[in-house]
Every structure is written in structure tokens, then in C-alpha cells.
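# Coordinates in review
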Amino acid sequence: MELDLGAVRAFIAIADHQHFGAAADQLGLTQQAISKRIAKLEAGLGTTLFQRSRNGSGLTEDGTTFLPHARALIALADQASESVSGRVRPLRVDVLETRIVATELIRDFAHAHAGVEVDIITSSGLRSGRSALVNGAIDVAFARVVGALDPSIDHVPAYLEPVHVLIGRKHRLAAHRQIRLSELTDSVARMPGNEPGSEWRQYYDDLAAEFRLTIDTSGPYFGLEHLLDDIADTADSFVFTGERLRAPWHPEVVQIPVVEPIPGYPHSMLWQRRNRHPALPRLIDYVTADFRPYDPEIHWLPAAELHSGLWANHPAKSP
């Protein structure tokens, strides 16, 4: 079949928003029009790409397989157009979720560099980001770096984010201004649906092993708002969060920093060495200029970051 680029763009927009209506708004289409494009694409591919539900539209297994190829196809199409139009396309930045610190960094960068256009893309983290960088579907990814990377990918530490906890007012520690990890050994960290093999799962598994914490990953994940409702009703569980994660306000949940030591979640910035987007060097300089390195006197990091040697230094570089 001949793939309709408009249908492929619609597919990517729905995958990013997990909602047909939000994707239609982004593309300036009616929901009926975007549904027709997806129906045509699914018919041509002979498969179902989305699982529709009352809460949104998630990718099927075939949809997940198709997504990186779809991104690469659109990236090539855009590059072909730009080669004759002379227009500089937006810098495509991949983040795990729009609530996290990487989105805050990019927003601050965009405000400081008003002439730079940025497209935010959400994904499943390092595993999808690696292939998307290699095939040119994205320019930049923010993720924790674990394992081997393609030789064409470079990276620098971007932000060492202090870990906090979200805890219900019924919990005995709710009135504390700070919490030590040793005080959490008789409580349970709730992380439902925590993806096995993901870089964040590995981080919290290492943290739990070193400080004898208990993590419960059981049950489906209905979103952070629902999880906070669950935490508010218990006196013996909590949720790990980042200092700058935009958690929704809940009247019965408080956010408290973890200290002695402060666990730091290591966010890195990744890009392809051959990428020549004019905004990329400016973003690298912006991110590395404010990088605050690991301090062994106050921070905790997993062995992978300690052995890399990058997190204790100031990593200034440009492509």
C-alpha cells in the first residue's frame, strides 16, 4: 500500500496525546476526519493500531511497533520539504511525560530563546528514544541513560533531580518537613504498572535494595490523580516523585523531600552526533550551564552513574 502522510501524522498525534479529540485539535481537524484517516490507515495495514476506551486511546502491540517507523517516515518527509523551502523546522524533543522536569527545562529554554520553535513528543523513555534519535524522528531525548547506546548518540547529564515523596495526611510522617529513607522501611512505595526493564524501574529497584524499601508494582495504573486518591486513604504507603514533577494538588496528600542522603534521579540529554539542527548547540549549552553535579556528601546515585564518572563533573560540549 502507499502510506498517506496525513494519516501517518494523525496516527502519531493520537499516539502522543492518547486521545482522538486532542490530536484532532492539534492538527486542526474534526474528530470525524481524524477517525477516517486512522480507519483508512488501519485498513491499508490490515491491523488495529489503537485500543479505544472511555479513558482514551492506547496503542496496540502493532501500533507500538509501527510508531517509531511512522516518526521516521514523517521526519524524512519534513526534511525533504525543508531541503527546498529553506525553512528551519521545530526542534523535536522527546520526554517521558509532560509533568516531569525535562519539560520544565525545555519550556525555560524556549522562553529564553524566543526565536526557537520546539515540538514536545512523549514516548516510553530510553528504549523508544534511542531508535528515534538514530532514525532522525527526534532531535533530542531526555532520559536516564543505562546500558549501551548506539555509537551515533551522544549525551550529557542534564539534571540531578532530588527525590521527594507524596504521602497521605493519615501517615505518621505526614507532619515532617523532611523524611529519611530509613524512616520509610515500614511503609510501601506504590508504583502500579511500573514497567519492567525501564530505566526508571531499575533506578527505584536499586534504591529499594540499598535502603531496604518495599515497592509494590501491582495493579493497573489509572493515572497520578487516581493514585493520589489511593495514597490519601492509607496510613502505610507513599509515592516517589521528583522535586520538580508537577503533581496535581490533593487536599489530603503532602509532598516532602527525602534527605540523608538525597536520592538524585539522573536525567540526561541525548542527541545524534550528526544532527545539525541550528538550535541544538544552544540547547546543549543552556542545559549544561546550569548543571549541578553529584555531591557524595549529600546525594545518592546508583552504581551505574557513579561508575560513569559523568555526574561529578561539569559536562560542557557541543555537537
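Here, the structure is the one placed above.
Calculation notes
- Residues numbered from 1 in each chain as written.
- Predicted model: local features only at pLDDT ≥ 70, side-chain atom pairs only at ≥ 80, totals over all residues.
- Heavy atoms only, no water.
- Buried < 20%, exposed > 50% of the residue type's maximum accessible area, 1.4 Å probe, protein only.
- Helix = DSSP H or I, 4+ residues; strand = E, 2+ residues; numbered from the N terminus.
- Arc of directions from axis to C-beta.
- Contact = heavy atoms within 4.5 Å.
- Axes fitted to C-alpha atoms, helices over the stretch in contact; angles between N-to-C directions.
- Parallel < 35°, antiparallel > 145°, perpendicular 65-115°, else oblique.
- Nonpolar A, V, L, I, M, F, W, Y, C, P; charged D, E, K, R; others polar.
- Salt bridge = Lys/Arg side-chain N within 4 Å of Asp/Glu carboxyl O.
- Lys, Arg positive; Asp, Glu negative; His and termini not counted.
- Core = buried A, V, L, I, M, F, W, Y, C linked by side-chain atoms within 4.5 Å.
- Phe/Tyr/Trp six-rings, centres within 6.5 Å; stacked < 30°, edge-to-face > 60°.

A word on helix 2 (residues 20-27). Those residues of helix 2 that sit buried are Phe20, Gly21, Ala23 and Ala24. Looking straight down helix 2, one finds that the buried residues subtend no more than 160° of arc, so they occupy a single side. Check the buried side of helix 2 and you find it contacts helix 1 (5-17), helix 3 (31-45), strand 1 (50-53) and strand 2 (56-59). Backbone geometry just downstream of helix 2 places glycine 28 in the positive-phi region, at approximately 70°.

The next thing to look at is the packing of helix 2 against helix 3. For the pair helix 2 and helix 3, interaxial distance at closest approach is 9 Å and the crossing angle is 105°. As the angle between them shows, helix 2 and helix 3 are arranged roughly perpendicular. Across from Phe20, Gly21, Ala23, Ala24 and Leu27 in helix 2, the residues of helix 3 making contact are Gln31, Ile34, Ser35 and Ile38. For the contact of helix 2 with helix 3, a count of residues per class yields 6 nonpolar, 3 polar and no charged.

Let us now look at the pattern of salt bridges. Scanning the entire structure with this criterion turns up 16 salt bridges. Across the pair arginine 246 and glutamate 104 runs a salt bridge, and its minimum N-O distance is 2.4 Å. Residue arginine 246 is located in the loop between strand 10 (237-242) and strand 11 (253-259), and its partner glutamate 104 is located in helix 5 (residues 101-112); the two are separated by 142 residues in the primary sequence. Owing to a relative accessible area of 9%, glutamate 104 belongs among the buried residues under this scheme. Several salt bridges converge on common partners, so that one network encompasses Glu104, Arg107, Asp108, Arg244 and Arg246.

The topology assignment puts glutamate 183 in the loop between strand 7 (179-180) and strand 8 (188-190). Look at glutamate 183: it is buried, it has no salt bridge, and the nearest opposite charge is arginine 180 at 4.2 Å. Among residues more than four places away in sequence, those in contact with glutamate 183 are Arg172, Leu173, His176 and Gln178.

With that settled, consider the nonpolar core. Soluble, globular proteins show a tendency: their nonpolar side chains are buried together. Membership of the largest hydrophobic core comes to 31 residues, with the highest contact counts inside it found for Val93, Val140, Phe142, Met269 and Leu283. If you list the elements that add at least two residues to this core, you get strand 3 (91-95), helix 5, strand 5 (140-143), strand 6 (153-168), helix 8 (224-232), strand 12 (262-272) and helix 9 (280-289). Filtering out sequence-adjacent residues up to four positions away, valine 93 remains in contact with Ile106, Val118, Asp119, Ile120, Ile121, Val140 and Phe142. Residues Ile179, Leu184, Met191 and Phe238 belong to the second largest nonpolar core, which totals 24 residues.

Turning to the packing of aromatic side chains, a few remarks are in order. For the coordinates displayed, the defined rule picks out 12 aromatic pairs. Taken together, a centroid distance of 5.6 Å and an interplanar angle of 65° make the contact between phenylalanine 109 and tyrosine 286 edge-to-face. Here the residue phenylalanine 109 occupies a position in helix 5, and tyrosine 286 occupies one in helix 9, the gap between them amounting to 177 residues. Exposure remark for tyrosine 286: the relative accessible area of 23% places this residue in the partly exposed category.

Everything listed here is a matter of geometry and, on its own, says nothing about what the molecule does.
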